[in-house]
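# A structural walkthrough
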Amino acid sequence: MGIFDGKNVIVTGASSGIGKAIAFKFATEGAFVALVSRSEEKLRENVENIKQAGGKAVFYTADVRDFDRVQEIVKDFHKNVGSIDILVNNAGATRDKFLIQMKEEDFTEIIDINLKGTFNFSKAVSRIMLRQKSGVIINISSVVGITGNPGQANYAASKAGIIAFTKSLAKELGSRNIRVIAVAPGFVETAMTSGLPEEVKETYLQSIAVRRFGTPEDIANVVKFLASPDAGYISGQVIVVDGGMI
Ligand code: NAP
């Protein structure tokens with residue numbers, strides 16, 4: 001018996017890192033999980049691994065920026081499983097540059113993936129959740145959406161946008177028993193952070209109270225709690241998961 005038995009979940013950016021850990025977590029707890037990203041091979045492998053462990057999963061390839069494709073995926077998954085109970089908007093990307101070097105496309109690309117991608121999926125599931133009169137939407141923001149960060153004006157703005165989007169949706173959808181929550185991870189060891197120079201990583205490490213980097217599992221554990229009935233009175237909030245960094 002898992003705590004998400006009978007629940008249907010969509011996780012974006014589920015090919016690697018935090019999204020992969022979240023997808024596995026829900027599957028381990030009995031949910032039917034739809035994994036979404038652009039990388040067919042990685043998604044296929046993740047779905048195979050979930051199935052081999054006795055879980056239920058399916059994958060859809062999509063660029064989260066593509067509004068029509070996103071509506072199509074949500075429609076298809078809903079048609080096959082009958083409800084959409086939880087959405088985790090996790091897909092995200094960085095194009096770190098100081099403003100002086102930042103090109104227009106560096107800005108629009110990151111806003112489109114991180115913020116508009118979140119809009120695209122939220123809009124697609126909201127109609128279904130409103131009809132169901134139940135649902136949980138969890139949006140993966142970042143601590144830099146709260147603090148700002150030099151070299152990440154595009155990324156930080158997208159993540160701050162996700163926070164305001166979350167709070168607005170929580171107020172719009174709450175009366176229909178739909179909770180909307182943002183999670184703001186600190187420094188998590190994934191492909192997104194692996195390319196940083198060692199001295200930069202060391203500086204970050206010194207700023208983290210518990211003196212270790214986060215793992216995808218750390219974030220997945222919190223997402224699991226927030227999506228569960230135990231967190232039934234949490235909505236419209238930003239939950240920081242950063243080991244005491246900010
Ligand atoms: P990651 O391993 O690079 O994963 C990013 C995921 O997003 C991948 O599955 C990638 O899949 C997907 N993605 C990127 N662009 C996409 C697009 N246009 N359409 C569809 N999917 C797309 O990085 P991560 O650290 O796990 O990041 C996950 C989330 O956590 C992101 O929102 C990130 O901003 C946030 N976060 C991370 C940290 C950290 O320290 N790592 C801190 C705070 C917040 P494909 O390439 O297959 O499309």
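What you see is a predicted model, and the numbers here were worked out from it, not measured in a lab. (Residues numbered from 1 in each chain as written. Predicted model: local features only at pLDDT ≥ 70, side-chain atom pairs only at ≥ 80, totals over all residues. Heavy atoms only, no water.)

Another point: the pairing of strand β2 (residues 32-37). A large share of β2 lies buried, amounting to 5 of its 6 residues. When strand β1 (residues 8-12) meets β2, the two strands line up parallel, connected through 5 bridges. Bridge pairing links Ile10 to Ala34 in β2. Crossover handedness for the path β1 to helix α1 (residues 17-28) to β2: right-handed. Once the chain exits β2 it traverses helix α2 (residues 40-52) before rejoining the sheet at strand β3 (residues 56-61), and the crossover so formed is right-handed. (Buried < 20%, exposed > 50% of the residue type's maximum accessible area, 1.4 Å probe, protein only. Helix = DSSP H or I, 4+ residues; strand = E, 2+ residues; numbered from the N terminus. Pairing = 2+ DSSP bridges. Right-handed = clockwise from strand over helix to strand, strands pointing away.)

Our next topic: the pattern of salt bridges. Tallied over the entire structure, the rule returns 11 salt bridges. Lys224 serves as the salt-bridge partner of Glu29, at 3.2 Å between the closest nitrogen and oxygen. Linking Glu29 in the loop between α1 and β2 with Lys224 in helix α9 (residues 216-227), this pair joins segments that are 195 residues apart in sequence. With relative accessibility at 16%, the residue Glu29 sits in the buried group. Judged by its relative accessible area of 23%, Lys224 falls in the partly exposed class. Across the pair Glu198 and Lys201 runs a salt bridge whose closest N-O atoms are separated by 3.8 Å. In this pair, Glu198 and Lys201 both sit in helix α8 (residues 198-207), 3 residues apart, roughly one turn of the helix. Salt bridges sharing common partners tie together Asp63, Arg65, Arg95 and Glu109. (Salt bridge = Lys/Arg side-chain N within 4 Å of Asp/Glu carboxyl O.)

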